[in-house]
Structure formats: structure tokens, C-alpha cells
Amino acid sequence: MANNIRPASMERITTPALAQAFIDEQVAEIRAQVGDKKVLLALSGGVDSSVVAALLIKAIGRQLVCVHVNHGLMRKGESEQVIEVFGKELDANLIYIDATDRFLDLLAGVADPEKKRKIIGNEFIKVFDEESAKLEGISFLAQGTIYPDILESDGVKAHHNVGGLPEDMQMELVEPVRLLYKDEVRVVGEALGLPHAMVYRQPFPGPGLGVRCLGAITRDRLHALREADAILREEFDNCGLAEKVWQYFIAVPDFKSVGVRDGKRYEGWPAIIRAVNTTDAMTATIEEIPYEVLHKITSRITAEVEGINRVLYDLTFKPVGTIEWE
């Protein structure tokens, strides 16, 4: 395994030509490291794991085994995109696990954010562990470790960002983008032919919508959150804000207010818009969304999403407020 220190002479990957040179180099390195053995990858659909998957498929094809676990807390269309891009277009050796009921049953009635995070994280490891234990002849574990992970963790996270694997699975790590920054990973992803929307996917927490469906998660409120969030993303795409804003999403709290629909009293949840810009995630500023865009988003969500009757805009900087609500 190569060392995890980026050489001072390493040129930043900013163009398709530089990305292609990196891809060619990594394909050769992966083939030399892996040979005819199999590689396992937890494919979340995020930028880093998707680029690693595409790179490995180019290098070793179906020797790569991708496992995508749908915990039921993905954004609208994300698991479907993983299946379409990797299972169909790239002909990946893809194992898809729909564990929605398993996760949501465990989360029923759990309101504490930290307990929710632990349940989701622990159960994800269990599901991945169970699936990997069914496989035979896996010699390598691929991970989407990138250079900031190594810098932030002093080299530890690179070796521990997938846990819970059986001790008898003596797997060597394959981390082809470990010396790249996030912007470079995106350039490489586009050069590999991945969809633009996947390559420029915004940061998404590991517990997914589980920490945006505030308090105890219910299926009806989770569904309303997913639909409202999809509308927000679509309207940001339409008005050109999608790549201008670092992170934007909807949170739905566990309380209702009175409203009116079709001339009758109607109780519904509020949808809270959060849209922030940051360079380091330690501080964050608020994006000024034009009022006409806010009006359109509000009109669509309240008209199209069952259960939501108000739309609010969170104007809180970080600090004081964190980026996520939970």
C-alpha cells in the first residue's frame, strides 16, 4: 500500500486531461495490487464511494462487488440512481439490500438524536457485515477515503471508516483517491463518465433523513420530508442555486400547526428550509434566496406534499446554529 502523504510536487487535478492521466495511473496500480482477486465496496451513492466504484469497475470490472444498503432514509431517487448507474449502465457486480423496514422498525419511538444516530450506524454495520459474510474469496476492501479524511484524523480514519467486519476477513485496503481533495475527486468522476448530479451531490449525513425527520421518526412524516426535499432540490436546480449553495435541505419537526385547505381546518407539519455556504464546515453563512424562489418552493410544497402546511426559512449562522438540526 502506498503511503498516505501527498507529495508536494503532485499537481492538483483541475482538467479532464489531468484527470485522465490520474485514472490511467490508478487503473494500472489497482490491477497490480488486486490481480485476479475480488474487492468489496460499500457503495453509498455519495461522491467518494461512487468515484471509487467507477474507477475500480474500469480497472477490474466484475471482480468488484458493490454492496448498496438502502436504510430507508435516503433522499428521493438516490437508491434508484445507484441501481441505474452502477447496476445497469456500468454493469457492476451490485448487491442491493432494501433494509427500510429493518431500520424504521428499530427507530420507532426513538426521539433522542444521538440514540437515532447510534441505531442507524450500528445497524448499517450489521447489515454490511451479514452481506460480506455471505461472500467468498474477497481479498480486498475498497474505501472512498480522501485526503482531508487523512489530514483530519492523522491517518486513523483511513483505516477505520468501515467497521464491524468479521475478524477472519483479512482484507487489504484499496483506496485509490486517498491523496485527492474533494474538488479533484469530482473532476475525476466526470472524466469517468458519472452523471453530473452524482458527482456534484452535496454532503449528506450518514444517518440520512433520520436526522432531518426531527424527533421520533414516523413513516408518514418521513415520506412528507422526502417529497418536500425533492421539491427544494428541483427548484434550486431550476433557478441556478444548486451549485452555488454548499448544502441545502428540508427538516421537518415533530409538531403540527393549524392551517386551512379546501375551506377546512387542516393541521400539518412545517417544512424548514436550511441553505448554507461554508469552506470548512466549522462556520457557515446563510444563502440569500430570492423571494420569488421562496414563494414558488412554498407554493409547491404546501400544494403537493400531504401533511405539510407551512414552510419556514432558517436564517441562523453557524455558530450559533449547527448545519444539521440534530
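Cut-off values and rules
- Residues numbered from 1 in each chain as written.
- Predicted model: local features only at pLDDT ≥ 70, side-chain atom pairs only at ≥ 80, totals over all residues.
- Heavy atoms only, no water.
- Helix = DSSP H or I, 4+ residues; strand = E, 2+ residues; numbered from the N terminus.
- Rg over C-alpha atoms; globule rule 2.2 N^0.38 Å.
- Buried < 20%, exposed > 50% of the residue type's maximum accessible area, 1.4 Å probe, protein only.
- Contact = heavy atoms within 4.5 Å.
- Core = buried A, V, L, I, M, F, W, Y, C linked by side-chain atoms within 4.5 Å.
- Pairing = 2+ DSSP bridges.
- Right-handed = clockwise from strand over helix to strand, strands pointing away.
- Salt bridge = Lys/Arg side-chain N within 4 Å of Asp/Glu carboxyl O.
- Axes fitted to C-alpha atoms, helices over the stretch in contact; angles between N-to-C directions.
- Parallel < 35°, antiparallel > 145°, perpendicular 65-115°, else oblique.
- Left-handed = near helix turned anticlockwise from the far one by under 90°.
- Phe/Tyr/Trp six-rings, centres within 6.5 Å; stacked < 30°, edge-to-face > 60°.
- Lys NZ or Arg CZ within 6 Å of the ring centre and 35° of its normal.

J.: Before we go on, may I ask you to explain the overall build of the protein chain in this structure?
T.: Counting secondary structure elements, the protein chain contains 10 helices and 10 strands. Relative to the globule expectation of 20 Å for 326 residues, the C-alpha radius of gyration of the protein chain, 21 Å, shows essentially globular dimensions. Dimensions of the protein chain, computed from the C-alpha atoms along their principal axes, are close to 70 × 40 × 35 Å. Put simply, the protein chain has 326 residues, and 51% of those count as buried. The long-range share in the protein chain, meaning contacts at least 24 apart out of those at least 6 apart in sequence, stands at 77%.

J.: Would you mind showing me how to read the nonpolar core here?
T.: Most often, soluble globular proteins have nonpolar side chains that are buried together. Core analysis: the biggest nonpolar cluster contains 47 residues, and Phe236, Ile250 and Ile301 have the highest contact counts within it. In terms of residues, this core owes the most to one element, helix H9 (residues 219–239), which gives 7 residues. Among all residues touching Ile301, those that are not within four sequence positions of it are Ala228, Ile231, Ile250, Ala271, Ile308 and Val311. Ranked by size, the runner-up nonpolar core spans 39 residues in total, among them Val34, Ala53, Phe86 and Ala92.

J.: How do you make sense of unusual backbone geometry when you look at a structure like this?
T.: Glycine aside, residues mostly have negative phi angles, and peptide bonds mostly take the trans form. With an omega of -20°, the peptide bond between Lys318 and Pro319 qualifies as cis. Here Pro319 shows up in the segment after strand S10 (308–313). Positive phi, close to 55°, is recorded for Asp91, a residue that is not glycine. Position of Asp91 relative to the elements: it lies in the loop between helix H3 (78–89) and strand S3 (93–98). On the basis of relative accessible area, Asp91 is assigned to the partly exposed category, the value being 45%. One non-glycine residue, Asp262, lies in the positive phi region at around 55°. Structurally, Asp262 can be placed in the loop between strand S7 (257–261) and strand S8 (264–277). Here Asp262 falls in the exposed class, since its relative accessible area comes to 72%.

J.: Is there a simple way to think about the environment of Ile97 in this case?
T.: Checked against the element boundaries, Ile97 lands in strand S3. Accessibility expressed as a relative area gives 15% for Ile97, which makes it buried. The spatial distance from the C-alpha of Ile97 to the C-alpha of Glu131 is 8.8 Å, given a sequence separation of 34 residues.

J.: Help me understand the pairing of strand S2 (residues 64–70), please; the structure alone is not making it clear to me.
T.: Each regular strand displays side chains that alternate between the two surfaces of the sheet. Burial analysis of S2 places 7 of its 7 residues in the buried class, which makes it a mostly covered element. Every second residue of S2 is oriented toward a common face, with Leu64, Cys66, His68 and Asn70 on one face and Val65, Val67 and Val69 on the other, all of them buried. As judged from the 4 bridges shared by strand S1 (residues 38–42) and S2, these two strands associate in the parallel manner. Across the sheet, residue Ala42 finds its bridge partner in S2, namely Val67. For the crossover from S1 across helix H2 (residues 47–60) to S2, the handedness is right-handed. Strand direction decides the pairing type here: S2 and S3, joined by 6 bridges, are parallel. By the bridge assignment, Val67 is partnered in S3 with Ile95. In terms of handedness, the path from S2 via H3 over to S3 forms a crossover that is right-handed.

J.: When you look at the pattern of salt bridges in this model, what are you seeing that I'm missing?
T.: Any two side chains of opposite charge can pair if their charged atoms end up close together. In this structure the tally under the stated criterion is 26 salt bridges. Arg219 serves as the salt-bridge partner of Asp105, at 3.2 Å between the closest nitrogen and oxygen. Of the two residues, Asp105 is situated in helix H4 (residues 100–107) and Arg219 in helix H9; the sequence distance between them amounts to 114 residues. Judged by its relative accessible area of 54%, Asp105 falls in the exposed class.

J.: Looking at this structure, I do not really get the packing of H4 against helix H5 (residues 113–134). What am I missing?
T.: Packed helices, taken two at a time, are described by their axes: the angle between them and the distance between them. For the pair H4 and H5, the least separation of the axes is 10 Å and the interaxial angle reads 150°. Judged by the angle between their axes, H4 and H5 are roughly antiparallel. The handedness of the crossing between H4 and H5 comes out as right-handed. Together, Arg102, Phe103, Leu106 and Leu107 of H4 and Lys116, Ile119, Ile120, Glu123, Phe124, Lys126, Val127 and Glu130 of H5 make up the contact between the two elements.

J.: Mind showing me how you'd approach the packing of helix H1 (residues 16–34) against helix H7 (residues 182–191) here?
T.: One can describe the packing of H1 onto H7 by two numbers: an axis separation of 9 Å at closest approach and a directional angle of 80°. Taken together, the axis directions place H1 and H7 in an arrangement best described as roughly perpendicular. Seen from H1, the contacting residues are Ala19, Gln20, Phe22 and Ile23; seen from H7, they are Val187, Val188 and Ala191.

J.: Before we go on, may I ask you to explain the packing of aromatic side chains in this structure?
T.: For any pair of aromatic rings, the description consists of the separation of the ring centres together with the inter-plane angle of the planes. Counted according to the given criterion, the structure contains 2 aromatic pairs. Here Tyr147 and Tyr181 contribute two aromatic rings whose centre-to-centre distance is 5.6 Å and whose plane-to-plane angle is 90°, an arrangement assigned as edge-to-face. With Tyr147 in helix H6 (residues 147–153) and Tyr181 in the loop between strand S5 (172–174) and H7, this pair connects stretches of sequence that are 34 residues apart. The buried category is assigned to Tyr147, whose relative accessible area is 8%. Judged by its relative accessible area of 24%, Tyr181 falls in the partly exposed class. Between the NZ or CZ atom of Arg75 and the centre of the ring of Phe204, over which it lies, the distance is 4.1 Å. The ring centre of Trp269 lies 4.8 Å from the NZ or CZ of Lys256, which sits over that ring.

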